[in-house]
Amino acid sequence: IMITVKVPDEPTINKTTSFRRLRARSVKQTKTSVTLQWNIIEDADGYFVYGNRCNTGTKSYKYRKLATITGGDISTWTQKDLKKGIYYKYVVKAYRMVNGKKVVTDTSISVHAVTGGGKYGNAKAVSVTQIGNKKNVSKITLKMGKTAQIKAKEVKKDKKIARHRKLCYESSNTKVATVTPDGLIRATGKGTCTIWVYAQNGVYKALKITVK
């Protein structure tokens, strides 16, 4: 008797490290807690949250696992019992179960947020004041090969912000448009894409770019 056993194919997992997939951000801070929020990843079975205090001029802190969240439809987590007026850093990772193991599929960009009660605060929004020669817009149309500079700034909640990272930029499709670390857009191919401008605590502004 011949028995044929078909072994299921291993799922293809393209691991990513980016802002656009998870869009991890800190949405609430008290004197003793920081609340994180992220986008739900399709087919995710859960999430890992890593974090620690932010590095200072004299001391470095390594990321450590703070939580394992079972459930792909969960998109918030709060760390409690923190110290007031201290900056904390976080990374969120989505995972899938593959042959009984948790396999990371997506990793967020780091989030830096400060607890209340100190002399520093967090950004409540990102304001884009100009794209190319157009002011106070969130979309622009470019011809192939052309460039446009983004001018943007963080909008503070109340107190000044201690920078652990300057404003960052990311394109959803570099075949349509790329963006430099300083916010210069270059049109590379016909189509539409999104460029995210995000602050160190993860609040962001989405810009629509059309290339003709």
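Thresholds, definitions, all that
Residues numbered from 1 in each chain as written. Predicted model: local features only at pLDDT ≥ 70, side-chain atom pairs only at ≥ 80, totals over all residues. Heavy atoms only, no water. Helix = DSSP H or I, 4+ residues; strand = E, 2+ residues; numbered from the N terminus. Buried < 20%, exposed > 50% of the residue type's maximum accessible area, 1.4 Å probe, protein only. Contact = heavy atoms within 4.5 Å. Lys, Arg positive; Asp, Glu negative; His and termini not counted. Charge placed at Lys NZ, Arg CZ, Asp CG, Glu CD. Pairing = 2+ DSSP bridges. Axes fitted to C-alpha atoms, helices over the stretch in contact; angles between N-to-C directions. Phe/Tyr/Trp six-rings, centres within 6.5 Å; stacked < 30°, edge-to-face > 60°. Salt bridge = Lys/Arg side-chain N within 4 Å of Asp/Glu carboxyl O. Polar contact = N/O pair within 3.5 Å; in protein donor to acceptor, adjacent residues only side chain to side chain.

## Quick look at the overall build of the chain
- For the chain, the helix and strand inventory stands at zero helices and 18 strands.
- When the backbone C-alpha atoms are referred to their principal axes, the chain occupies close to 75 × 50 × 30 Å.
- Sorting the 212 residues of the chain into buried and exposed places 44% on the buried side.
- A separation of at least 24 residues holds for 63% of the contacts in the chain among residues at least 6 apart in sequence.
- Between the averaged position of the 43 positive side-chain charges in the chain and that of its 12 negative side-chain charges there is a distance of 12 Å.

## Remarks on the sheet that holds strand S14 (residues 168–171)
- Ordered in space as S12-S18-S17-S14, the four strands form an open sheet in which the pairing is mixed. Whereas interior strands pair on both sides, the edge strands pair on one side only; in this sheet they are strand S12 (139–142) and S14. With direction set aside, neighbouring strand axes in the sheet form an average angle of 25°.
- Summarising the sheet, S14 and strand S17 (residues 191–198) pair through four bridges and their orientation is antiparallel. Looking at the pairing, Tyr169 lines up with Val197 of S17.

## A word on the pairing of S12
- With burial as the criterion, only one face of S12 is covered, namely that bearing Ile140 and Leu142; the residues Lys139 and Thr141 on the opposite face remain uncovered.
- Here S12 runs beside strand S18 (residues 204–211); their pairing, made up of four bridges, is parallel. Of the residues in S18, the one forming a bridge with Thr141 is Thr210.

## With respect to the packing of aromatic side chains
- Tallied over the full model, the rule gives six aromatic pairs.
- Their ring planes at 0° and their centres at 4.1 Å tell us that Phe19 and Tyr198 sit as a pair that is stacked. Taken together, the residues Phe19 in the loop between strand S1 (16–17) and strand S2 (25–29) and Tyr198 in strand S17 connect sequence positions 179 residues apart.
- Taking relative accessible area as the criterion, Tyr198 reaches 5% and is therefore assigned buried.
- Both rings, one in Tyr87 and one in Tyr120, keep their centres 6.5 Å apart while their planes meet at 45°; by these two values the pair is tilted.

## Some remarks on the pattern of salt bridges
- Under the definition given, this model contains three salt bridges.
- For Asp106, the salt bridge is made with Arg21, and the minimal N-O distance between the two is 2.8 Å. Linking Asp106 in strand S8 (residues 101–107) with Arg21 in the loop between S1 and S2, this pair joins segments that are 85 residues apart in sequence.
- You can call Asp106 buried: its relative accessible area is 2%.
- Between Lys166 and Asp182 there is a salt bridge; the shortest N-O distance is 3.1 Å. Of the two residues, Lys166 is situated in the loop between strand S13 (147–156) and S14 and Asp182 in the loop between strand S15 (177–179) and strand S16 (184–187); the sequence distance between them amounts to 16 residues.
- The exposure class assigned to Asp182 is exposed, which follows from its relative accessible area of 52%.

## Regarding unusual backbone geometry
- Located in the positive-phi region is Asn99, a residue other than glycine, with phi close to 50°.
- Among the structural elements, Asn99 can be located in the loop between strand S7 (87–98) and S8.
- Of note in this structure, Asn136 is not a glycine but carries a positive phi near 55°.
- Tracing the backbone shows Asn136 in the loop between strand S11 (134–135) and S12.
- Classification of Asn136 by relative accessible area gives exposed; the value is 64%.

## Some words on the side chain of Thr107
- Mapped onto the elements of the fold, Thr107 is located in strand S8.
- On the basis of relative accessible area, Thr107 is assigned to the buried category, the value being 15%.
- Ignoring anything within four residues of it in the chain, the contact list for Thr107 reads Thr16, Thr17, Ser18, Leu22, Val91, Val92 and Lys93.

## Examining the side chain of Thr35
- Tracing the backbone through its elements, the reader meets Thr35 in strand S3 (residues 34–37).
- At 2.8 Å, the side chain of Thr35 forms a polar contact with the side chain of Thr78.
- Thr35 has contacts with Arg25, Ser26, Val27, Lys28, Trp77 and Thr78, leaving out every residue within four places of it along the chain.

All we've got here are geometric facts, nothing functional implied.
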